[in-house]
Amino acid sequence: MRIRATVAAVSGALALSALAVPASQAAQPGAGHDRPSAPDYGFSVQHGAAVAPKAKGLTATAKAAAAPVITKTVVNGGKPIVVGTTATKKVTVAITATHASGIADAGTLLWIGKDLNDDDAFGFGQNEDKATCKAANATTSTCTLTVTVDPGLLINTDATYWNVGAAVQAKNETVTQNDKYGKIRFQRLSKLTVDASPEPVKKGKTLTVTGKLSRANWETATYKGYATQTVKLQFRKKDSSTYTDVKTVKTSSTGTLKTTTTKTTVSGYWRWSFAGTASTPAVNATGDYVAVK
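Residues numbered from 1 in each chain as written. Predicted model: local features only at pLDDT ≥ 70, side-chain atom pairs only at ≥ 80, totals over all residues. Heavy atoms only, no water.

Draft legend 1. Spotlight on the side chain of Thr 259. Position of Thr 259 among the secondary structure elements: in strand 15 (residues 256-261). Excluding anything up to four places from it in sequence, Thr 259 contacts Leu 207, Thr 208, Val 209, Leu 233, Lys 247, Val 249 and Trp 272. (Helix = DSSP H or I, 4+ residues; strand = E, 2+ residues; numbered from the N terminus. Contact = heavy atoms within 4.5 Å.)

Draft legend 2. Main features of the packing of aromatic side chains. Within the structure shown, the criterion is met by 7 aromatic pairs. Between the aromatic rings of Trp 162 and Phe 186, the centroid separation amounts to 4.0 Å while the plane-to-plane angle is 10°, which identifies the pairing as stacked. Placement of the pair is Trp 162 in strand 8 (residues 161-170) and Phe 186 in strand 9 (residues 175-188), with a sequence separation of 24 residues. A residue is classified by how much of its surface remains accessible, and Phe 186, at 0% relative accessible area, is buried. A network of ring pairs unites the aromatic residues Phe 122, Phe 124, Trp 162 and Phe 186 as a single cluster. (Phe/Tyr/Trp six-rings, centres within 6.5 Å; stacked < 30°, edge-to-face > 60°. Buried < 20%, exposed > 50% of the residue type's maximum accessible area, 1.4 Å probe, protein only.)

Draft legend 3. Representation of the pattern of salt bridges within the structure. Summed over all chains, the structure comprises 2 salt bridges. The partner of Asp 105 in a salt bridge is Lys 130, and the shortest N-O contact between them spans 4.0 Å. Of this pair, Asp 105 sits in strand 4 (residues 103-112) while Lys 130 sits in the loop between strand 5 (122-125) and strand 6 (132-135), placing them 25 residues apart in sequence. Given the relative accessible area of 43%, Lys 130 is considered partly exposed. (Salt bridge = Lys/Arg side-chain N within 4 Å of Asp/Glu carboxyl O.)

Function cannot be read off these values alone, since they describe shape.
Given below as structure tokens:
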């Protein structure tokens, strides 16, 4: 069962309601199953009701009456939002818009679902009551906001593309909002370990390299092994800064890795390297130094 968040209207500002989540609920592993519904914009207009016409060919009077135009949104610097098991993640959202009267404010939310009015829709609203807007000129501004993502409210299937909602208010108080202006990917934080032995190793003798690939399980607030994933064993000489591939290994059903190699001719660092998947980011283990005697 989902709990619908209260919509908070903020007078004179383009703001989104905050998610009202009791501290006890947010702290519970797997609390995402009872999370609130998606927040809403603090406007009386219906979702997507304000449509910005093309400015080309409009008279000056028509331009002033037209809704502002959102030209770009950038979430988290354009990178996927990677979330672990306990720490919240603060994400920056930059919205660029233009209007003949100038831009006064902006609002945003990150949400997942078919429609914001759906009972199954869920999301995170902005932290600020008002955006910080920097004018490029008299008509165009980029407005910056932050959104805090709480892993205690996520479920594992949330590791996918989310909708980016964006809304702007011109200085003449006309408004444009677009619930699905863009997309941003959420990913489950990954970890990778390595251990090479024996240390030291005799030249040309067998070296055993083990490790484990794991990723955040948002429903249990723990890291679980990532099964049957392709991982590369890499090596770099002690006086080099470049790793080279040695062989490719698949993780076990519990995410563990194990292989042997006799390419032990010089001292250096051994590591595992995972290229990542759609739901999980790439990660490299910290190199384990092995001296060759």
